[in-house]
Structure formats: C-alpha cells, structure tokens
Amino acid sequence: MPKITNMAEANAALLPYVPLVARLTGKDTTLDRIRVLMNLCGNPQDKIKIVHIAGTSGKTSTAYFMAALLRAAGKQVGLTVSPHVDSVTERVQIDGKPVDEHTFCQGLGEFLDIVEQMPERPSYFELLYAFSFWMFERAGVNYAVIETGMGGLHDATNIAARADKVCIITDIGFDHMHILGNTLAAIAAQKAGIIHEHNQAFMYRQSDEVTNVVQQWADAHQASLVLTTEEAERHSYQADFQPHMPEYQQRNWLLAHRTYKFLCERDGLPKLNADQLHRTQQIQVPARMDKRTVQGKTIIMDGAHNAQKMTTFLASFQHEYPGIKPAVVLAMKDGKEPADIGPLLAPLASRVVLTTFDTSQDLPAKSIPPSVLADIFAKAGVKNLQTIPDQHEAYQAMLGGPEPVCIITGSFYLLSQLRERENLA
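About the criteria used
The residue count restarts for each chain, going from 1 along the sequence in the order it is written. Residues qualify for local features only when their pLDDT is at least 70, as the model is predicted, and side-chain atom pairs are given and counted only at 80 or more; totals for whole chains, interfaces and linings, by contrast, use all residues. Each side-chain value is derived from all of the structure's non-hydrogen atoms; neither hydrogens nor water enter the calculation. Buried, partly exposed and exposed residues are distinguished by accessible area as a fraction of the type maximum, computed with a 1.4 Å probe on protein chains only: under 20%, between the cut-offs, and over 50%, respectively. Secondary structure elements follow DSSP: runs of H or I of four or more residues count as helices, runs of E of two or more count as strands, with numbering from the N terminus. Here a strand pair is declared whenever DSSP counts at least two bridges between the two strands. Directions are taken from the helix axis to each C-beta atom, and the arc is the one they span. Here, axes are lines fitted to C-alpha atoms. For helices the fit covers the stretch in contact, and angles between N-to-C directions go from 0 to 180 degrees. Throughout, a residue-residue contact means that at least one pair of heavy atoms, one from each residue, lies within 4.5 Å. Throughout this description, the term nonpolar core refers to a set of buried Ala, Val, Leu, Ile, Met, Phe, Trp, Tyr and Cys residues connected via side-chain atoms within 4.5 Å. Throughout, a crossing is termed right-handed when the near helix is turned clockwise from the far one, and left-handed when it is turned anticlockwise from it by less than a right angle. Note on residue categories: nonpolar means Ala, Val, Leu, Ile, Met, Phe, Trp, Tyr, Cys or Pro, charged means Asp, Glu, Lys or Arg, and polar means any other residue, Gly included. Paired rings are identified among Phe, Tyr and Trp, the last through its six-membered ring, by centres lying within 6.5 Å, and are further divided according to the angle between planes into stacked (under 30 degrees), edge-to-face (over 60) and tilted (the rest). As a reminder, the over-ring test applies to NZ of lysine and CZ of arginine, requiring each to be within 6 Å of the ring centre and within 35 degrees of the ring normal. What counts as a salt bridge is simple: a side-chain nitrogen of Lys or Arg found within 4 Å of a carboxyl oxygen of Asp or Glu.

Peer 1: I'd like a rundown of the pairing of strand 10 (residues 297-302), residues and numbers included.
Peer 2: Burial within strand 10 is extensive, with five of its six residues counted as buried. Taking the residues that link successive antiparallel strands as the turn, the strand 9 (residues 290-294)-strand 10 hairpin has two residues, and the phi of Q295 there is positive, at about 50 degrees. Two elements, strand 10 and strand 16 (residues 405-409), share five bridges in a ladder whose sense is parallel. Looking at the pairing, T298 lines up with V405 of strand 16.

Here it is in structure tokens:
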C-alpha cells in the first residue's frame, strides 16, 4: 500500500470499502470476515479488557461516559464509536481524543497491507473496527470501550468474546427493523447477543417484552445481568449533576457509573471523588445536544433519527428551554419513519426547514425527499413548513428567521455535512 500522508488520502484509501456496505448489510451478516481479519491482526480483542455497549438509544453517549470514568481512574482507554460525526479519526480514540491525523494515516497505511491478505474484502465498518483494536493494542490501552454498529449478535464488534467482558444494554426501541426484526422482542434478542459466556451485563429495566428476552439470553449463557432503574441510580449517586447537563445524558451517565462501580470492585479501580465525577459529566458527545452560538442565535445539534431518540431529545430541550419554539432544520435517512417524528415536532417547532444529504459511512445514506417529508409532516399537524433541498440554503434560511433558538436534527449524516461546511464542529 502506498504511504498515506493526509486525511484526504486516508479517506480515498477507505473509499473502495464503502460500496460493500450496501451489498453485505442485512444480506450477508456474519462474523466470518471479521474473524479472518482479526486473526491476521493477532486477535487484539482477546488481549484487552472490554466494555461492550449495545442498544437503540444512548449507546454512543454511554460509551463516551464509560471511557471518561475509566480515564478518571488513571487507566489508558481506547474508544471506538460509529458513525463518526466530524472525522473518521473518531473511530480510534485513545485517552479521550481521536488519535492525531499523522498517527491515523501512518497506522492505516500499515493496516491496509494486512487487509490485502484477506481472501474476501471486509466492509468499511469491519475494517475500521479491526483497525481500532489493532491501534489499541499497539498503544497498550488497559480498557477498550466499544459500541455496536447495528444490533449485536451478528455485529462485527461481537468478535469480542472474553469471559471478563462487561456489557451494557441501553434503551431498546424500533430501528433498523428491516434487519433486526419487527418486534421489540426480536430487536432485543439481537442486542442481547453481545452477552457471551460468563459476562457481566448492566441494563435499565425496560418493558417486560425487552427485559425477559435479555434475562433469558443472559441465563442461557451463564452470564450475570444487573437490572436497575434510573431512579435507583439517582438515589445511589446522591449528588448534583453538572449544570445544564441534559436529562437524557444524566440517564446515560448513571448507567455508565453503575458499570464503573462494578469495575471498581472487580478490578480494584479507585473510587472517584465528586470533582472527578463532575469532570466526566462535562464530556460533550459530538452532535448530542451540542450547542453553538452563531449570529447571536443558539444552535442545538442532535442526531435524533427515530421516535425514541427524538422524544428523549425534545424532552431535554423543553426542560432547558421551556416555552421556546425553535426553528428546526431536518433531514431524515431513507428507511426511517417520519410519520413517527411529525407529531413530536408539531407542538414544538415555530418553523421546520426540510432539506437533504447524500453520503455514506457504515450504511448507504440517502435522505428522504423534502417534498415527501412535507406531506407527512403536514398531515401530522406541523405548521410553517419549508422545503429547501440545498442544505446550505436551508441552514441560511434557518438563521435568517426570527427565532433566537434553532435546532438541526434528524440525521447524523446531515449534521456531519453541515458541521463541516458551516464550521459548526
């Protein structure tokens, strides 16, 4: 492989692996490719303590908080998340930040030489997941915090199967139903699949339909499942949160904190004091209730792309901005359920500007045409709709309105493109 010297060359080198996503996802879901690649890498996932996170909502934020808690304990921590928002380097984070571009590019060049030995080319997600672990082992991290790409049981991340792996299952809802199943029980079965023999798992108690499936899976694999509630964790924490920390992020942090307390006992990690805990709450997870000030307006970016995520985000928004009716710029990925989003926006938004994106990371990503969204949202009672396909023009239209608070939401792909083009990162 030619030497990779900058991120443009890195992205160009990764580009051939992107089309495979469309062919492989949901049609050839298997751990076979990642197993071959990990073997070629020396199976780094078997050499590092792992916290593995699956769920529909909250898994990325929980992963960031989990990594922050372990860093506060003085441990070197690797973190890999998907999709990335601002840079592919977010897939390989060590000690709280993406590896620098020089390290990423140099490592990727070497790693692609390993990939070339595979009999079958991996997908973009599989490649970057294996690359992250390969980089983590080279850096000598003590823990790796990983989130699933989709589901769990057949997700490439599930190659991690150490008996001492710790699992976190976040809130489960309807998403990726064409692949994971059309019932909560079917989706829960996929998410629970990250739990291997003798693992320790943590989850908030959810509906019986979800909880029973996860409990049965854990029992069948001689794993221990701790079921807790947000109320119980708040009572146990018995301290204030950082000012302006969104309520849904408090929920995610508390589940990570419950997991950290287990690791304290099992691995002899130190108990963190109030100041240390507060610092872990200050983490700004990219594109999750992410605020900027532009032209005197407050811009809030959140990648809520299904009803569960949007409900949670809007509840936190209304808690922090009671009575405010924002302008909203929104695009949604084809295959999502806009009919579930319209009724949530109807009582809240002063104005909704519908736009587009066209990109790809772990999954092919084309947006629903704004005209289609407009028809669906109008039927749901959303007033004052604008359709502006060009996202830059849509963004400018949002800024040109009278609303002092604005929201950009509906897709991480929209946020990724706008953050780069409008200097919002």
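Peer 1: Tell me about helix 14 (residues 338-345), and name the residues and values.
Peer 2: An α-helix turns once per 3.6 residues; consequently, residues spaced three or four apart project the same way. Residues of helix 14 that are buried: P338, I341, G342 and L345. Buried residues in helix 14, looked at end-on, bunch into an arc of 110 degrees, giving them a common side.

Peer 1: So what's going on with the sheet that holds strand 12 (residues 351-354)? Residues and values would help.
Peer 2: Reading across the sheet, the six strands line up as 9-10-16-11-12-15 and stay open at both edges, with mixed pairing between neighbours. Across the chains shown, the open sheet's two edge strands, defined by having one partner strand only, are strand 9 and strand 15 (385-387). Taking each pair of neighbouring strands and ignoring which way they run, the sheet shows an average axis angle of 20 degrees. Examined bridge by bridge, strand 11 (residues 327-330) and strand 16 share four bridges and lie parallel to one another. Residue V328 lies in a different strand from strand 16, and its bridge partner there is I407. Running over the sheet, helix 15 (residues 370-379) touches strand 11, strand 12 and strand 15 and is turned about 170 degrees from strand 15.

Peer 1: Quick rundown of the nonpolar core? Include the residues and the values.
Peer 2: Grouped together as the largest cluster of nonpolar side chains are 43 residues, with contacts concentrated most on F104, L108, F111, L127, Y129, F131 and F133. Contributing elements (two or more residues each) for this core: helix 1 (7-14), helix 3 (32-41), helix 5 (101-115), helix 6 (124-139) and strand 5 (143-147). Among the elements that take part in this core, helix 6 stands out by supplying eleven residues, more than any other.

Peer 1: Let's hear about the packing of helix 8 (residues 184-192) against helix 9 (residues 208-220): which residues, and what values?
Peer 2: Taken N-terminus to C-terminus, the directions of helix 8 and helix 9 make an angle of 35 degrees; their axes are 8 Å apart at the nearest point. Taken as a pair, helix 8 and helix 9 cross one another with a handedness that is right-handed. Taking contact as the criterion, the partners of L184, A185, A188, A189 and A192 in helix 8 are, on helix 9, E209, V210, V213, V214 and W217. Per-class residue counts for the contact of helix 8 with helix 9 are nine nonpolar, no polar and one charged.

Peer 1: Tell me about the sheet that holds strand 7 (residues 200-204), and please be specific about residues and values.
Peer 2: What the eight strands build is an open sheet, ordered 4-3-2-5-1-6-7-8; its pairing is mixed. The open sheet is flanked by strand 4 (97-98) and strand 8 (224-228), the only strands paired with a single partner. Both strand 1 (residues 49-54) and strand 6 (residues 166-169) contribute to a ladder of four bridges, which runs parallel. Across the sheet, the residue bridging to I53 is I168, located in strand 6. Packing of helix 11 (residues 247-267) onto the sheet brings it into contact with strand 1, strand 5, strand 6, strand 7 and strand 8, and relative to strand 7 it is tilted by some 155 degrees.

Peer 1: Go over the packing of aromatic side chains, please, and point to the residues and values.
Peer 2: Going through the model one piece at a time under the given rule, you end up with 14 aromatic pairs. Judged by centre distance (5.3 Å) and plane angle (50 degrees), the rings of F111 and W134 are tilted. With F111 in helix 5 and W134 in helix 6, this pair connects stretches of sequence that are 23 residues apart. Take F111 and W134: they sit in the same class, and that class is buried. Each member of the aromatic cluster is reached from another via a ring pair, and the members are F104, F111, F131 and W134. Lying over the aromatic face of Y17, R121 brings its terminal NZ or CZ to 4.9 Å of the ring centre. We note R138 situated over the ring of W134; from NZ or CZ to the ring centre the distance is 4.2 Å.

Peer 1: Can you explain the packing of helix 4 (residues 59-72) against helix 12 (residues 274-281)? Please cite residues and give values.
Peer 2: Close contact between helix 4 and helix 12 brings their axes to 9 Å; oriented N to C, the two are set at 145 degrees. Our pair here, helix 4 against helix 12, has a crossing hand that is right-handed. For the pair formed by helix 4 and helix 12, the contact residues are F65, A68, L69 and A72 on the first element and Q276, L277, T280 and Q281 on the second. Here the contact of helix 4 with helix 12 is composed, by residue class, of five nonpolar, three polar and no charged.

Peer 1: So, the pattern of salt bridges: which residues are in play, and what are the values?
Peer 2: Counted under the stated rule, the structure contains 17 salt bridges. E120 is paired through a salt bridge with R33; the nearest N and O atoms lie 4.0 Å apart. Within this pair, whereas E120 is found in the loop between helix 5 and helix 6, its partner R33 is found in helix 3, the two being separated by 87 residues in sequence. Exposure remark for E120: the relative accessible area of 34% places this residue in the partly exposed category. With a shortest N-O distance of 2.8 Å, R266 and D267 are connected by a salt bridge. Look at D267 and you get partly exposed, because its relative accessible area is 21%.

Peer 1: Any details on unusual backbone geometry? Residues and values, ideally.
Peer 2: Residue S82 is joined to P83 through a cis peptide bond whose omega torsion reads -5 degrees. The residue P83 is located in the loop between strand 2 (77-80) and strand 3 (93-94) in this model. In this structure, N43 is a non-glycine residue whose phi angle is positive, near 50 degrees. By the secondary structure assignment, N43 is in the loop between helix 3 and strand 1. Unusually for a residue other than glycine, M289 sits at a positive phi of about 45 degrees. Checked against the element boundaries, M289 lands in the loop between helix 12 and strand 9.

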